[in-house]
Amino acid sequence: MANSARQKMDEVNDPLDAAPRRERSTNSWWRFQRSSDPAEWSLLDERLEFIAAFIRNPLAVGSLWPSSPSLARAILSNCDLRSARLVVELGPGTGAFTRVILERLGDQTEFFVVELDTSCTGQLRRRFPGLHVVNDSAENLARHVGKTGQKADFIISGLPWANMNPDLQDRILDSIIDSLADRGAFTAFGYWNSSILPSSKRFRARLESRFESVRRSRVIWKNFPPAIFYSCRHPRLH
Ligand SMILES: C[S@@+](CC[C@H](N)C(=O)[O-])C[C@H]1O[C@@H](n2cnc3c(N)ncnc32)[C@H](O)[C@@H]1O
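To keep things clear, this report deals only with the structure shown in the data block. Everything numeric in this text was worked out from a predicted model, so none of it was measured.

Details of the overall build of the protein chain
When helices and strands are counted, the protein chain shows nine helices and seven strands. Counting the 238 residues in the protein chain, one finds 39% classified as buried.

And the structure:
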């Protein structure tokens, strides 16, 4: 990685002092090529790293395998990121959605990610130079969005909702509602096979109590495990 790029990355290491921003790297990291440059990672590296994160903290990571590009594209197909002013991703893990989001942002769009796992945040900073990575819990999202002086147009979640207790679900969802613009959209995915779990049903009920519009997607079979996602609009005041 060039020294200047590393300097820029270091400048945003303190999330509370840094204004969210996005810089498109000239490195072609999205081509998934193995390289001597640590900013460019192979798909295998990403998967091994994801499995390591799962072994460290299975409940918080919630899956053995990162999401597929098909799921990322399906989730983002209804999001016009190009004209958005602020986009936030929660629980990026190793960057399965981040990569696709970065390809779709407009020149003026600010973007940051909020990830709890410190190993994942380190890898994300190396993999996506210039990306604004906040190492914190999504419960504190409103504080980070507040520092930008605007509300988010899109909040895209990779969080493992089915593994969370009800209080944590509530705290994160309340922070999302506080952070989202009136015309903004929130998207959350889950695994199709766990849709019947009480925690998943509870999560859907919580979404419906906070958004006037909650739409469930078709099943995305090209993901392991197969996934569904919710597109939520028109946040209710709370
Ligand atoms: C199922 S993985 C999804 C990773 C990636 N979005 C994907 O789809 O491949 C869930 C991620 O959410 C992160 N996470 C879990 N709880 C969190 C919280 N309260 N705040 C921020 N990130 C969290 C985990 O560390 C993990 O990286």
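Alright, that's what it looks like, and here's the rest.
Thoughts on helix α8 (residues 166-179)
In this model, α8 (14 residues) spans 20 Å end to end at C-alpha, consistent with the 20 Å of a helix rising 1.5 Å per residue. Listed in full, the buried residues belonging to α8 are Ile172, Leu173, Ser175, Ile176, Ile177 and Ser179. On the buried face of α8, the contacting elements are α7 (141-146), β4 (152-157), β5 (180-191), α9 (198-210) and β7 (227-235).

Examining the site of the ligand
With respect to spatial proximity, 22 residues lie near the ligand, and among them Pro66, Ser67, Gly91, Gly93 and Gly158 are the closest. At the level of secondary structure, the elements contributing two or more residues to the shell around the ligand comprise α3 (58-61), α5 (96-104) and β2 (110-115). The residue inventory of the shell around the ligand, partitioned by class, reads 13 nonpolar, seven polar and two charged.

Notes on the sheet that holds β5
With respect to topology, seven strands assemble into an open sheet ordered β3-β2-β1-β4-β5-β7-β6, the strand pairing being mixed. Every interior strand has two partners, whereas the edge strands, β3 (132-135) and β6 (211-216), have only one. Across the sheet, the mean angle separating the axes of adjacent strands is 20 degrees when strand polarity is ignored. Two strands pair when backbone bridges link them, and strand β1 (residues 86-90) and β4 are joined in this way by four bridges, in the parallel orientation. Counterpart to Val87 in the pairing with β4 is Phe154. Strands β2 and β3 of the sheet are contacted by helix α6 (residues 118-127), whose axis makes an angle of about 170 degrees with β3. Helix-sheet contacts for α9 involve β5, β6 and β7, and the interaxial angle to β6 is about 140 degrees.

Quick look at unusual backbone geometry
Negative phi values dominate among residues other than glycine, just as trans dominates among peptide bonds. Of note, the bond from Phe224 into Pro225 is cis; its omega dihedral lies within 30 degrees of zero at -5 degrees. Positive phi, normally seen in glycine, also occurs at His234, with a value near 60 degrees. Considering the arrangement of structural elements, one finds His234 in strand β7. Taking the C-beta count within 10 Å as the criterion, His234 has 14 such neighbours and is therefore assigned partly exposed.

Let's talk about the pairing of β1
Summarising burial for β1: five of the five residues are buried, a large majority. The side-chain alternation of β1 yields two buried faces, one formed by Leu86, Val88 and Leu90 and the other by Val87 and Glu89.

What to know about the environment of Gly146
Within the secondary structure layout, Gly146 lies in helix α7. Taking the C-alpha atoms as reference points, Gly146 and Ser179, separated by 33 residues in sequence, lie 7.5 Å from one another.

Remarks on the environment of Phe97
Counting through the fold element by element, Phe97 comes out in helix α5. Separated by 24 residues in the primary sequence, Phe97 and Arg73 place their C-alpha atoms 8.3 Å from one another. Apart from residues lying up to four places away in sequence, Phe97 is in contact with Ser67, Ala72, Ile75, Glu89, Pro92, Ile156 and Gly158.

A few points about the environment of Arg216
If you trace the backbone, Arg216 turns up in strand β6. Considered as a pair, Arg216 and Ser231 are 15 residues apart in the sequence and their alpha carbons are 6.6 Å apart. When neighbours within four sequence positions are excluded, Arg216 is seen to be in contact with Ile228 and Tyr230.

Definitions and cut-offs
Residues numbered from 1 in each chain as written. Predicted model: local features only at pLDDT ≥ 70, side-chain atom pairs only at ≥ 80, totals over all residues. Helix = DSSP H or I, 4+ residues; strand = E, 2+ residues; numbered from the N terminus. Buried ≥ 20, exposed ≤ 12 C-beta atoms within 10 Å, placed from the backbone. Expected span 1.5 Å × (residues − 1). Contact = placed C-beta atoms within 7 Å. Near = placed C-beta within 6 Å. Nonpolar A, V, L, I, M, F, W, Y, C, P; charged D, E, K, R; others polar. Pairing = 2+ DSSP bridges. Axes fitted to C-alpha atoms, helices over the stretch in contact; angles between N-to-C directions.

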